[in-house]
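Structure at a glance
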Amino acid sequence: QVQLVESGGGLVQAGGSLRLSCVASGSIFSRYAMGWYRQAPGKQHESVAAITSGGSTEYVDAVRGRFTISRDNAKNTVYLEMNSLKPEDSAVYYCAAAHSLATIFQRILVAWGQGTQVTVSS
């Protein structure tokens, strides 16, 4: 079983940056693909980025070139560096674990966190 705890959300002006962190505990972190998805009010969940245990990454088109996902297996931590933020990036961001990049984007998840709020003002 994997437990995930996110941090790093907050309020930022458009064009600004935030770095989200997610610490995993309870199982072998390096075994899983990790990712981030988000949900804005009144909208469906949207997977935004994922990374394999070996470091291969994938992004949804809306964030490619602006967001960077990374992981530190020694620290059981996955990060999401978000640059050039836009108001439409405002959402609750969730960290997730799964068996592959594909299942991150399909949201067939092993575990997920409680979420951290990101608000981008215009």
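Residues numbered from 1 in each chain as written. Predicted model: local features only at pLDDT ≥ 70, side-chain atom pairs only at ≥ 80, totals over all residues. Heavy atoms only, no water.

Scanning the protein from N- to C-terminus turns up one helix and eleven strands. For the protein, the N- to C-terminal ordering of α and β elements is β-β-β-β-β-β-β-β-β-α-β-β. A globule of 122 residues ought to have a C-alpha radius of gyration of about 14 Å, and the protein, at 13 Å, matches this closely. Counting only C-alpha atoms and orienting by the principal axes, one finds that the protein spans roughly 40 × 25 × 25 Å. Per-residue burial for the protein yields a buried fraction of 43% across its 122 residues. (Helix = DSSP H or I, 4+ residues; strand = E, 2+ residues; numbered from the N terminus. Rg over C-alpha atoms; globule rule 2.2 N^0.38 Å. Buried < 20%, exposed > 50% of the residue type's maximum accessible area, 1.4 Å probe, protein only.)

To continue, consider the packing of aromatic side chains. Remark: the centre distance and the inter-plane angle together describe each pair of aromatic rings, the angle taken between the planes. Using the criterion set out here, one finds one aromatic pair in the structure. Here the aromatic rings of Tyr37 and Tyr94 are separated by 5.1 Å at their centres, their planes lie at 15 degrees, and the arrangement is stacked. Highlighted residues: Tyr37 in strand S4 (residues 33-39) and Tyr94 in strand S9 (residues 91-98), separated in sequence by 57 residues. The class of Tyr94 is buried, set by a relative accessible area of 16%. One cation-aromatic arrangement involves Arg19 over Tyr79; the distance from NZ or CZ to the ring centre is 4.0 Å. (Phe/Tyr/Trp six-rings, centres within 6.5 Å; stacked < 30°, edge-to-face > 60°. Lys NZ or Arg CZ within 6 Å of the ring centre and 35° of its normal.)

Of the pairings in the sheet, the one linking strand S1 (residues 3-7) to strand S3 (residues 18-25) comprises five bridges and is antiparallel in character. Paired with Ser7 across the strands is Ser21, a residue of S3. With six bridges joining them, S3 and strand S8 (residues 77-82) adopt antiparallel strand pairing. Directly across from Cys22, in S8, lies its bridge partner Val78. (Pairing = 2+ DSSP bridges.)

Turning to the side chain of Thr77, a few remarks are in order. Its place among the elements puts Thr77 in strand S8. On the basis of relative accessible area, Thr77 is assigned to the buried category, the value being 6%. At 2.8 Å, the side chain of Thr77 and the backbone oxygen of Lys75 are in polar contact. The contacts of Thr77, once residues within four sequence positions are left out, are Ser21, Cys22, Val23, Phe29, Ser70, Arg71 and Asp72. (Polar contact = N/O pair within 3.5 Å; in protein donor to acceptor, adjacent residues only side chain to side chain. Contact = heavy atoms within 4.5 Å.)

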